[in-house]
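Residue strings, one per chain:
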Amino acid sequence: MSVTLDGLPASEGIAFGKVHLLNWAIPDVPHRTLPLDEVEAEVERFHRTRAEVKAHLERIQSEAADRLGDMEARIFDPQILMLDDAEVVDGTVQYIAENRLPASRAFHWRMLELQHLWRRTSNPMVLDRLNDLEDLQVRLLHRLLELPDPQAWEDESTEPIIIVGRNLTPSLTVQMDPARVVGIATDQGTRTSHWAILARSLGIPAVVGLVHASRSVEEGQDAIVDGRVGRLIIDPEARDRDVFEDRRVRIQGWEEELAQIARLDPITLDGHPVALRANLDLPGESVRAREHGAEGVGLFRTEFLVVGRSSMPQEEEQYEAYRHVAETFPNRAVFIRTFDLGGDKFPMFLNMPAEENPFLGWRAIRVCLDRLELFRPQLRAILRATAHGDIRILLPLVNDVEEILRVRELLGEEEARLKDEGIPFASSYKLGILVETPAAALDAAELARHCDFFSIGTNDLVQYTLAVDRTNSRLAELYNPFHPAVVRQLHQVARVSHAAGIEVSVCGEMAANPLGTFLLVGLDIGALSVAWPALPEVKKVIRSFRVEDARAAARRALAASTSADVTRCLAEGLGNAVDLSAFSGRWSLSLP
Ligand code: PEP
Ligand code: MG
């Protein structure tokens, strides 16, 4: 009988293959006491092996740079740095010298100590670092113990495989050939895990957060990974396979059609235009976003500059990244979001103690306003990028007018400095906020007086309105953007923006769900921004309905009393114009 496991979608796409259980384990490390006269040579051997592993990782990094781009390759920096980290190296040498342990045992002990220290946090950035550490441990221990290189998967066969494991590592992911590894499913990890970012760049469908997947499958079993909805089906029955095949063929047919659609305008059947922009996680995605029909960038997340880094990003590197995106979209709006740190993203260099409730903690604009040595270089880099395009500065998680005023003050100071230094920038840039909390939505009229635009971040707005953690797959059913409380806030923010004469857009995932697109256009939200792979789908939806029908359905949805009523109003309004089952949204759509 087939078993279905639901996790979190991490990389789009759907795939069928044979399970390959990841055998990337730490080997047994035997205990032994070294004769005193071997200690010096053992320290030497440790340093030599460390250098070999470093050279190996640097080779993988340079292959990653060729295959995926420089930014993606920087994901290997922390791992490479760790091999020279005094905490790692000195601690190991000390165990060899003082306890007369073989290098393998000494290194293993040191790693266990560091892992114990770091594990006392639930912070996913630190957990990612632990994962990097484990990757190093596996590589280094195999060499020190003179074991054969651990094979991640056998290579003789060409049969498509689905890698299932507790977690992955960047160095394993980047070596995967998408023709052979057609899917990934892991117990742990998040969408922002380093390896998940690489899987997206490689186009390998992936599902994370499956909790027990690696203990629920056997080597060689058939499996389906659906990275669009975050699902793993083990041992699919004939019916599941038919549905999979049907879905795959439909999606393939769609993709061909979508390539054509990318060239068409995002206008409704009755000629109402919608500005359709892309969400980017990496600057390298901007060209693909343009090819997919983006009319600008509605959300450029800048956390790639800090994720996994051990030092603050420099102004120059940031400026180059922002300029690259701006130049890819001449005469189009590019919304650059200032660092949205905290919650599930904490860089090592901030040395943050673990928080009880990180999503309600020190995050986003709060971090930036407290750590000006991080924020000022970003503001300067964005200001410099204004010389190359239509830049809009987007501030995350703003609740208070004071926060906007403080940023304006900082921008004024940095503008004055740039002027003094003779560095060009355009003072015509716009500044606005992400509306992501009920406080901001309720207080939108006040906030609008100080903003040039609003962008509604429904991913967070839903989590804060419903008190449902967006990363908790157990609560996935409760995380519903069609809850009447969310719909009413969307309406309120749209109304206030229109009255204030400022642009309002939506950049949360909701905009990429067909019912969401229909509702948002019906609420007269004139601009949508979605993950770039979803652009053609959304364009197809926009082109399939009339704005008048969307407005009528939105009015009915606003009067509905339950989430189910809201989705029913929208589905009825949209009628048969769109094949809902082919979409990724899980909210009350019947998925195959
Ligand atoms: C949002 O919260 O809707 C959003 C777009 O930002 P992120 O998903 O990066 O929190
Ligand atoms: Mg957000």
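Remember, predicted model here, so these are calculated numbers, not experimental data.

Draft legend 1. The arrangement of the sheet that holds strand 4 (residues 161–165) in detail. Across the sheet, which stays open at both edges, the 8 strands sit in the order 1-8-7-3-4-5-6-2 with mixed pairing between neighbours. Taken across any chain shown, the strands that pair with only one partner, and hence form the sheet edges, are strand 1 (3–6) and strand 2 (8–11). The sheet shows a mean angle of 30° between the axes of neighbouring strands, direction not considered. As defined by bridge partners, strand 3 (residues 14–21) adjoins strand 4 across 4 bridges and the pair is classed as parallel. What sits directly across from Val19, in strand 4, is Ile162. On top of the sheet, helix 8 (residues 194–202) reaches strand 2, strand 5 (181–186) and strand 6 (206–208); it is set at about 60° to strand 2, its chief contact.

Draft legend 2. Main features of the site of ligand 1. All residues in the neighbourhood of ligand 1 are listed as Leu299, Arg301, Arg337, Asp340, Glu436, Gly457, Thr458, Asn459, Asp460, Arg470, Cys507 and Gly508. Taking Arg301, its side chain carries an N or O atom lying 2.7 Å from an oxygen atom of ligand 1. Contacts to ligand 1 include Arg337, whose side-chain N or O atom sits 2.9 Å from an oxygen atom. Considered on its own, ligand 1 offers 290 Å² of accessible surface; in the complex 98% of this is hidden by protein. If you tally residues by element for the shell around ligand 1, the top one is helix 18 (residues 458–466), at 3 residues. In terms of residue class, the shell around ligand 1 is made up of 2 nonpolar, 4 polar and 6 charged.

Draft legend 3. Representation of the nonpolar core. Within the largest apolar cluster, 159 residues are counted, with the highest numbers of intra-cluster contacts made by Phe454 and Leu519. Top element by residues in this core is helix 1 (residues 39–68). It accounts for 8 residues. Val19, Ile162, Ala213 and Leu232 belong to the second largest nonpolar core, which has 15 residues in total.

Draft legend 4. Fine view of the domain arrangement of the chain. For the chain, the assigned domains read domain 1 (3–21 + 154–248), domain 2 (36–144) and domain 3 (257–583). Taken over C-alpha atoms, the centre of domain 2 sits 38 Å from the centre of domain 3.

Draft legend 5. A look at the coordination of the magnesium ion (ligand 2). Protein coordination at the magnesium ion (ligand 2): the donors are Glu436 (OE) and Asp460 (OD), at 2.0 Å from the metal. Placement of Glu436 in the loop between strand 13 (430–435) and helix 16 (438–442) and of Asp460 in helix 18 is noted, with a sequence separation of 24 residues between them. Taking relative accessible area as the criterion, Glu436 reaches 3% and is therefore assigned buried.

Draft legend 6. Broad picture of the pattern of salt bridges. Under the criterion given, the structure shown has 36 salt bridges. Glu52 is paired through a salt bridge with Arg143; the nearest N and O atoms lie 3.3 Å apart. With a gap of 91 residues between them, Glu52 in helix 1 and Arg143 in helix 6 (residues 124–144) connect regions that are remote in the sequence. Overall, Glu52 belongs to the partly exposed group, its relative accessible area being 38%. Residue classification places Arg143 among the partly exposed residues on the basis of a relative accessible area of 29%.

Draft legend 7. Structural detail: the pairing of strand 16 (residues 527–531). Counted residue by residue, strand 16 has 4 buried out of 5 residues, so it is predominantly covered. Alignment of strand 9 (residues 275–280) against strand 16, held across 5 bridges, turns out to be parallel. Bridged to Asn279 within strand 16 is Ala531. Relative to strand 16, strand 15 (residues 503–506) runs parallel, the two sharing 2 bridges. In the strand pairing of strand 16, Val506 is matched with Leu528. In this view, the connection linking strand 15 to its parallel neighbour strand 16 by way of helix 20 (residues 514–522) has right-handed handedness.

Draft legend 8. How the structure looks around the sheet that holds strand 11 (residues 333–337). Strand order in this closed barrel of 8 strands is 9-10-11-12-13-14-15-16, and the pairing throughout is parallel. Looking at each pair of strands side by side, their axes are set apart by 25° on average, direction ignored. Against the sheet, helix 12 (residues 315–328) engages strand 9, strand 10 (297–300), strand 11 and strand 12 (390–395), with an angle of about 165° to strand 10. In the packing of helix 19 (residues 484–500) onto the sheet, the strands contacted are strand 13, strand 14 (453–456) and strand 15, and the crossing angle to strand 14 comes to about 165°.

Draft legend 9. Region of the structure containing the side chain of Glu414. Positionally, Glu414 belongs in helix 15 (residues 401–421). In this structure, Glu414 is in contact with Arg376, Arg380 and Leu383, ignoring residues within four places of it in sequence.

Draft legend 10. Spotlight on the packing of aromatic side chains. Summed over the entire model, instances satisfying the criterion amount to 5 aromatic pairs. Here Phe300 and Tyr322 contribute two aromatic rings whose centre-to-centre distance is 6.1 Å and whose plane-to-plane angle is 90°, an arrangement assigned as edge-to-face. On the criterion of sequence distance, the pair formed by Phe300 in strand 10 and Tyr322 in helix 12 is long-range, its members being 22 residues apart. Of the residues examined, Phe300 reaches a relative accessible area of 0% and is grouped as buried.

Draft legend 11. Structural view of unusual backbone geometry. The backbone of Ala364 shows a phi angle near 55°, a positive value even though the residue is not glycine. Within the element layout of this structure, Ala364 appears in the loop between strand 11 and helix 13 (365–370). The phi angle at Leu397 is positive, at roughly 55°, despite the residue not being glycine.

Conventions adopted
Residues numbered from 1 in each chain as written. Chains lettered and ligands numbered in written order. Predicted model: local features only at pLDDT ≥ 70, side-chain atom pairs only at ≥ 80, totals over all residues. Heavy atoms only, no water. Pairing = 2+ DSSP bridges. Helix = DSSP H or I, 4+ residues; strand = E, 2+ residues; numbered from the N terminus. Axes fitted to C-alpha atoms, helices over the stretch in contact; angles between N-to-C directions. Contact = heavy atoms within 4.5 Å. Near = heavy atom within 4 Å. Polar contact = N/O pair within 3.5 Å; in protein donor to acceptor, adjacent residues only side chain to side chain. Areas by Shrake-Rupley, 256 points an atom, 1.4 Å probe, with all protein chains shown as cover. Nonpolar A, V, L, I, M, F, W, Y, C, P; charged D, E, K, R; others polar. Core = buried A, V, L, I, M, F, W, Y, C linked by side-chain atoms within 4.5 Å. Buried < 20%, exposed > 50% of the residue type's maximum accessible area, 1.4 Å probe, protein only. Domains from an automatic or database assignment. Donors = N, O, S within 2.8 Å, 3.2 Å for Na, K, Ca; no water. Salt bridge = Lys/Arg side-chain N within 4 Å of Asp/Glu carboxyl O. Right-handed = clockwise from strand over helix to strand, strands pointing away. Phe/Tyr/Trp six-rings, centres within 6.5 Å; stacked < 30°, edge-to-face > 60°.

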